[in-house]
Amino acid sequence: VPQQLYARALMLNGVPGQAIAVLNKALEQHRTVGPLYEDLFKLCMSTGNLGGAERAAIALRELKPEEANPVYLHGLALLTSGKVAEARPLFEEAMRRMPGSFEPRQALAKVLVLLKDHDGARKLLEEANAKAPGEPGPANDLAVLYLEKKEGAKAERVLRAALAKHPEDPALALNLALALVQQNKKAEARPFVARALSSSDAD
């Protein structure tokens, strides 16, 4: 536990390389402690060390073969690495194991968008949004697909429900502004544009 907390402190202090080294050293002594692999996965993903993230996810799957989350994490590492075809069956498996969760549905929808199956992605995102209507991730992804089809009213409904729970989310505000503009509600869009512009998120 001290090694794990030390690694987290290093990450918060902006030295992720040292944090990864501490976790790897801890795992040499404690190879069956799942949370260490989970922290290592998050650290590797956040620093772009996708090979390290994939190895951590595989090790976690071997340690906990009955659990769904390691399968989902493995899929995320593959998808982020551009291994779309390899990620797809992992997200499908994670969906079967976690039928009530929105995360694998949202991830599989990203795969389908990359494969140009926008109808399939839309269906999955509608399911994900129904399971977690206040979650920004599926709401934003679904709204983008609605906007591509010029369905601004549908996008507006989805985004307003999520913004009610996450009023400071800049992506929700930006997408809602786009949905309103698409419906010629430019005056209503202005405060959401301002909210998005006030964000520290450069994207």
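Residues numbered from 1 in each chain as written. Predicted model: local features only at pLDDT ≥ 70, side-chain atom pairs only at ≥ 80, totals over all residues. Heavy atoms only, no water.

Student: Help me out: how do you make sense of the packing of helix α5 (residues 69-80) against helix α7 (residues 103-114) in this one?
Tutor: Two measures define how a pair of helices packs: the angle their axes make with one another and the distance between the axes. Packing of α5 against α7 brings their axes to within 11 Å, and their N-to-C directions diverge by 25 degrees. Judged on the interaxial angle alone, α7 and α5 are roughly parallel. As for how α5 packs across α7, the hand of that crossing is left-handed. Side by side, α5 and α7 meet where Tyr-72, Leu-76 and Leu-79 of the first sit next to Glu-103, Pro-104, Ala-107, Lys-110, Val-111 and Leu-114 of the second. Looking at side-chain class alone, the contact of α5 with α7 contains seven nonpolar, no polar and two charged residues. (Axes fitted to C-alpha atoms, helices over the stretch in contact; angles between N-to-C directions. Helix = DSSP H or I, 4+ residues; strand = E, 2+ residues; numbered from the N terminus. Parallel < 35°, antiparallel > 145°, perpendicular 65-115°, else oblique. Left-handed = near helix turned anticlockwise from the far one by under 90°. Contact = heavy atoms within 4.5 Å. Nonpolar A, V, L, I, M, F, W, Y, C, P; charged D, E, K, R; others polar.)

Student: So what exactly am I meant to see when it comes to α7 here?
Tutor: In an α-helix, one turn spans 3.6 residues; hence positions three or four apart end up facing the same way. Between the first and last C-alpha of α7 there are 17 Å, a value that for twelve residues agrees with the 16 Å anticipated at 1.5 Å per step. For α7, the set of buried residues is Pro-104, Arg-105, Gln-106, Ala-107, Leu-108, Ala-109, Val-111 and Leu-112. Against the buried residues of α7 lie α5, α6 (84-97), α8 (118-131) and α9 (136-148). Of the residues one or two after α7, Lys-116 is the one with positive phi, at around 70 degrees. (Expected span 1.5 Å × (residues − 1). Buried < 20%, exposed > 50% of the residue type's maximum accessible area, 1.4 Å probe, protein only.)

Student: How do you make sense of helix α4 (residues 50-63) when you look at a structure like this?
Tutor: Spanning 14 residues, α4 covers 20 Å between terminal C-alpha atoms, matching the ideal 20 Å at 1.5 Å per step. Every buried residue of α4 is accounted for by Gly-52, Ala-53, Glu-54, Ala-56, Ala-57, Ala-59 and Leu-60. Those residues of α4 hidden inside the fold are in contact with α3 (34-47) and α5.

Student: Explain the packing of aromatic side chains here, please?
Tutor: Any pair of aromatic rings gets described here by the distance separating the centres and the angle formed by the planes. Evaluation of the coordinates by the stated rule reveals one aromatic pair. Consider the rings of Tyr-72 and Phe-91, whose centres lie 6.1 Å apart with planes at 55 degrees: the pair is tilted. Separated by 19 residues along the polypeptide, Tyr-72 in helix α5 and Phe-91 in helix α6 bring together distant segments of the chain. Of the two residues, Tyr-72 and Phe-91, both sit in the buried class. (Phe/Tyr/Trp six-rings, centres within 6.5 Å; stacked < 30°, edge-to-face > 60°.)

Student: Could you clarify how one ought to interpret the nonpolar core in this entry?
Tutor: Taken as a class, soluble globular proteins show a tendency for nonpolar side chains to be buried jointly. Core analysis: the largest hydrophobic core is formed by 61 residues, its most contacted members being Leu-40, Phe-41, Tyr-72, Phe-91, Ala-155, Leu-159 and Phe-192. Each residue touching Phe-192, except ones within four places of it in the same chain, is listed here: Arg-160, Leu-163, Ala-173, Leu-174, Leu-176, Ala-177 and Leu-180. (Core = buried A, V, L, I, M, F, W, Y, C linked by side-chain atoms within 4.5 Å.)

Student: What exactly am I supposed to notice about the environment of Glu-86 here?
Tutor: Within the secondary structure layout, Glu-86 lies in helix α6. On the basis of relative accessible area, Glu-86 is assigned to the partly exposed category, the value being 47%. In this structure the C-alpha to C-alpha distance between Glu-86 and Arg-96, which are ten residues apart in sequence, comes to 17 Å.

Student: What is the right way to read the side chain of His-74 from this model?
Tutor: Position of His-74 relative to the elements: it lies in helix α5. Not counting residues up to four positions away in its chain, the partners in contact with His-74 are Glu-54, Ala-57, Ile-58, Arg-61 and Leu-90.

Student: How should I be thinking about the environment of Leu-79 in this particular structure?
Tutor: Relative to the elements of secondary structure, Leu-79 occurs in helix α5. Considering only alpha carbons, one finds Leu-79 and Ala-173, 94 residues apart in sequence, at a separation of 27 Å. Dropping the residues within four chain positions of it, Leu-79 is found in contact with Val-84, Ala-87, Phe-91, Ala-107, Lys-110, Val-111 and Leu-114.

Student: Quick question: what am I supposed to make of the packing of α6 against α7 here?
Tutor: Here α6 crosses α7 at 150 degrees, and the two axes come no closer than 9 Å. The angle between α6 and α7 falls in the class roughly antiparallel. Of the two possible hands of crossing, α6 and α7 adopt the one that is left-handed. Counted together, Val-84, Arg-88, Phe-91, Glu-92, Ala-94 and Met-95 of α6 and Pro-104, Arg-105, Ala-107, Leu-108, Val-111, Leu-112 and Leu-114 of α7 form the full contact between these two elements. A class-by-class count of the residues in the contact of α6 with α7 yields ten nonpolar, no polar and three charged.

Student: What exactly am I supposed to notice about the pattern of salt bridges here?
Tutor: Pairing is possible between side chains of opposite charge, provided their charged atoms come close. Per the counting criterion, the structure on display carries 13 salt bridges. Between Arg-122 and Glu-126 there is a salt bridge, and its shortest N-O distance comes to 3.4 Å. With Arg-122 and Glu-126 both in helix α8, this residue pair falls four residues apart, about one helical turn. Three or more residues are tied together by salt bridges with common partners; here these are Arg-122, Glu-126, Glu-151 and Lys-154. (Salt bridge = Lys/Arg side-chain N within 4 Å of Asp/Glu carboxyl O.)

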